Every structure is written in structure tokens, then in C-alpha cells.
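So you can see what is in the structure, the chains are spelled out below.
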Amino acid sequence: MDRYERDLIGYGQNIPKVKWPNNAKIAVQFVINYEEGGENCILHGDDASEAFLSEIIGASPWPGQRHWNMESIYEYGARSGFWRLHRLFTKMQIPVTVYGVTSALARSPEQVQAMQDADWEIASHGLKWIEHKDMPAEVERAQIQEAIRLHQRVTGQKPYGWYTGRCSENTVRLVSNEGGFDYISDSYADDLPYWIDIDGHDQLIIPYTLDTNDMRFATAQGFSTSGQFFDYLRDTFDTLYSEGVEGSPKMMSIGLHCRLIGRPGRITAIKRFIEHATSFKDVWFAKRIEIAQHWQRHHPAKRFEKPSKMSQKKFVETFGGIFEKSPWIAEKTWDTELGPAHDTVQGLHSAFCRIFRAEEKEVRLKVLKAHPELAVKLSKTEQLTKESQNEQASAGLDNLTSEEYEQFAELNRSYREKYGFPFIIAVKNYSKSEILDNFISRIKNTEEMEFNEACAQVEQIAEIRLLEII
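Report follows, based on the coordinates. (Residues numbered from 1 in each chain as written. Predicted model: local features only at pLDDT ≥ 70, side-chain atom pairs only at ≥ 80, totals over all residues. Heavy atoms only, no water.)

## Topic: helix α14 (residues 402–419)
The end-to-end C-alpha distance of α14, which contains 18 residues, comes to 26 Å, matching closely the 26 Å that a straight helix rising 1.5 Å per residue would cover. Looking only at α14, the buried set comprises Phe-408, Leu-411, Asn-412, Tyr-415 and Tyr-419. End-on view of α14: buried residues confined to an arc of 105°, all on one side of the axis. Those residues of α14 that are exposed and angled more than 90 degrees off the buried face are Ser-402, Glu-403, Glu-406 and Glu-417. Each element contacted by the buried residues of α14 is listed here: α15 (432–442) and α16 (447–469). Gly-420, located one to two residues past α14, shows a positive phi value of around 85°. (Helix = DSSP H or I, 4+ residues; strand = E, 2+ residues; numbered from the N terminus. Expected span 1.5 Å × (residues − 1). Buried < 20%, exposed > 50% of the residue type's maximum accessible area, 1.4 Å probe, protein only. Arc of directions from axis to C-beta. Contact = heavy atoms within 4.5 Å.)

Printed below as a string of C-alpha cells:
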């Protein structure tokens, strides 16, 4: 058994029919990351100074030392950048979600009061703005619990949403198992919310973004001017809005940091973007909690027994008849790498076919020989599997005239004599006359051509049978 946890398919071609409030063509969501006062600093009990997301590109931690320049850059975000953003968003009446590092919020009571007076959502951004990748799970769990406790004391209520950012492979699971979160945003995997199964319960994920994000002012390959940032935001909005007009509304997240976008030479990008977005009709400016609540109401989690999670016994019982009298294909498939991509008809069918195609010709020939002949006499129908009986009946092959039966019988005899296996066709795709035409045509094929065609038909039959199960 080999299970691949990553979901590389998502919604695929089955994008949800989203209906945002007031039939909006796009949901636009601004996030202000409040991290100032929660970053790495020996005053905070950390081993070294901060080195991430500042004007000092390529900065390194200073073990055991304060980095005065780094500290003052972060201080700018709290002292000036925050208030510049606050004035802009309140003046333009645009809702905001704050990702608040709890220890930073605790050191900024006036800013927290201003957030609450503006009716901004304050989600949790973890206890400290530090790296978690090497943090033991039990330590991270304790920090999550302390972040929730402190958040409630500072703001007066528990956070509805969570985003760590510099997370570990355990973060989402630990936060979800802590319970009480309407959404988690530690994902960049989609333009729409989606549900995941974590230890048997459903967790809503509201994806975040690192591209429509001012962090690229602090990276080597990023934005240098406010115009570049505005252009990128505008182009993203225009693309997503047009998709909404075409019937597939999406969500656009915009990530901001007080110490970055809060600079006077950069904030004009946000002002220009808001003016651009508000010039369109049918735009929903929302807080993340509002998006989460909308999704919970209109797109609740759907539970079904996923093939990749089945026991071997259940898997073989369910799919052992996909290939005629060949349950070994299901057994071998269960042993392969299965994951979310195989919990759909197309994905699971692909996994079955890979097993079938990997076998030597003699083995595949046995699968062909396991199939029944078409239009057998009623006295022999007990020899057919239930699947074959239903398929042949659907094409009217259980209700032939004497003349039709004789014609099929003669073709069956000639075909088997020539190729050594029965004529195989995915009868559900054809009418009785079309089946007969195919029979007459294919009996002229070379042995190699017909073997390959018969194998292809076996695979089509397997897909049809899967569609009836999943």
C-alpha cells in the first residue's frame, strides 16, 4: 500500500458553480499582516534577530544580538505603515482581515482598538512571527494553544481563522485538530475555498496568495515600484473578473504588510487598485470570515468513501469486477501509489489501466478470454457476470430475432476461430446495428490490430462500470 497525500487535481474540470452575494463576479479580499513586535528578536526570547521580509534584502540572523536597523524597519510598520493603511481602508470603506501575530497584537493595544473600531476581522497569525519548519509537533501545538488564549485576552474573542505563514508540515493538522476555526489559510493551492479531511473531520481551507502580495517588494525577483504592483493586481483582477462574467466566479486575495506597503511610495498601488476594482459592477469586497461562512452555507463538505482510503478487502469487493473476472487487477492497483487524484472515475480508471497495460500479452489475453461472447442464448446467460448481462441487455442483445441471433452466432464463431478470444466491444456506447457493423468491420483486422483494439475496448468497459459505482 502506497498512498500519496498531495492533492494535485483539486476541482479539476468540475469547478463549483459559485454564486457570491448579489451575484458578484469576483470576491476581493484584503489581508493586512500585523507582525511588528512578534518577529524574531532577542528581546522576545529568540536566539537571533529577524531576517525576513524587510528592506534589507538578503539579511541574515544575528545570533545573540539585536539588529537595530531591522528592528526599526519593523517598528515603522507599527508606528506609521499601519495607520496609513488604516486611513486608506476606512476612508474607502473597504473591509479587511488582519492576520495578527498574537504577541505583536499584545504589544499594540491602540492598533488593535483601531482594527476593532473599523470592524476588521482579526484572524490568528500564530503566537510569534518565526519559522516553524523545524519545530517539534508538541511545541508547535503548545504555541497554537497559547496563541488562541492570548488572542482572546487581547481582542476579547477567539479567532475564527488561522494563518501561520512560516508553517511546518504539521501546522494545518495541529490547528484543525485544535478545533473551532471556520477556516485555515495555510495554502496557496486554489482560487476558491475547498474542504479537506483531517483525521476524520472536514476542514475548510481559504487559500492565500504570495503573488498578489507586497512581500515581493522585499524579494530579489519582485516589485520595485508601486506601478508594477498595481499592474499585477489589475491584471489579476481583470482575468478573474472575466472568468466570473463567463460563469466561473473566483476569489482574489491581496496580502499586505504594514512595513512594506505602508511606505508612501508604495501605498498608491493599493489606492489605484481599489479605484479600479470599484469601477466595476458586481464586485464583492469581503472579509475572509464572510467568505468562509458563505462557503459553509452554499458549498458544504461532501463526504464519500474515497477509493484511496479503502481497505484492500473493500477496494477489491467494490472494484474487482471492473475488468471481467479479473479481480487481480484491483488487488494490484490497491498496492500502487493512490491518492486524491485517484478518487475520481478518470483517476481511478487510469490507475487500473496502468496495471492492465503493464502485463505481458499472455496475461492480457487471459482477460480478453474471460469476456463472454455477444448475444448468447438465454439458456447460457447464467454464464455472464451481472455486469455483462446488464450491458448486453442495454444494447438489446438479449432480445434478438432468430435471424439476428444466427448472424451473431456465425460472427462469434468466425471471430474466435481467427483471433482466439471473443469479440469485445463497449456495447453501452453503441446500438444493436452499430455493434453489428463494428463486428463485421473488425473481423477484417490483423491479429495485432484486433488484439490492441480488444484491449482498448476492455478499458472502455472498465470506465463505464466505474461510472456506475463512483
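## Describing the pattern of salt bridges
For the structure shown, the criterion picks out 25 salt bridges. Between Asp-282 and Lys-25 there is a salt bridge, and its shortest N-O distance comes to 3.1 Å. Taken as a pair, Asp-282 in the loop between α7 (268–278) and β10 (283–285) and Lys-25 in the loop between β1 (2–3) and β2 (26–34) lie far apart in primary sequence, 257 residues in all. Residue Glu-324 is joined to Arg-465 by a salt bridge in which the shortest nitrogen-to-oxygen separation is 2.8 Å. Of this pair, Glu-324 sits in the loop between α9 (312–319) and α10 (328–334) while Arg-465 sits in helix α16, and the two are 141 residues apart along the sequence. With respect to class, Glu-324 is no different from Arg-465; both count as buried. One network of salt bridges, in which partners are shared, links Glu-35, Glu-36 and Arg-259. (Salt bridge = Lys/Arg side-chain N within 4 Å of Asp/Glu carboxyl O.)

## Structural notes on the pairing of β2
With nine of nine residues buried, β2 is to be regarded as a mostly interior element. A two-sided burial pattern is seen for β2, the buried positions comprising Ile-26, Val-28, Phe-30, Ile-32 and Tyr-34 on one face and Ala-27, Gln-29, Val-31 and Asn-33 on the other. Where β2 lies against strand β9 (residues 250–257), eight bridges are found, and the strand directions are parallel. Bridge assignment links Ile-32 to a residue of β9, and that residue is Leu-256. Judged from the three bridges that link them, β2 and β10 form a sheet pairing that is parallel. Residue pairing for β10: Ala-27 is matched across the bridge by Trp-284. Where β2 meets strand β3 (residues 96–100), five bridges bridge the pair, whose relative direction is parallel. Paired with Asn-33 across the two strands is Tyr-99, which belongs to β3. On the question of chirality, the crossover connecting β2 to the parallel β3 by way of helix α1 (residues 68–91) is right-handed. (Pairing = 2+ DSSP bridges. Right-handed = clockwise from strand over helix to strand, strands pointing away.)

## Focus: the side chain of His-371
Within the element layout of this structure, His-371 appears in the loop between α12 (361–369) and α13 (386–394). When its relative accessible area of 7% is taken as the criterion, His-371 is described as buried. Among all residues touching His-371, those that are not within four sequence positions of it are Glu-324, Pro-422, Ile-424, Val-458 and Ile-461.

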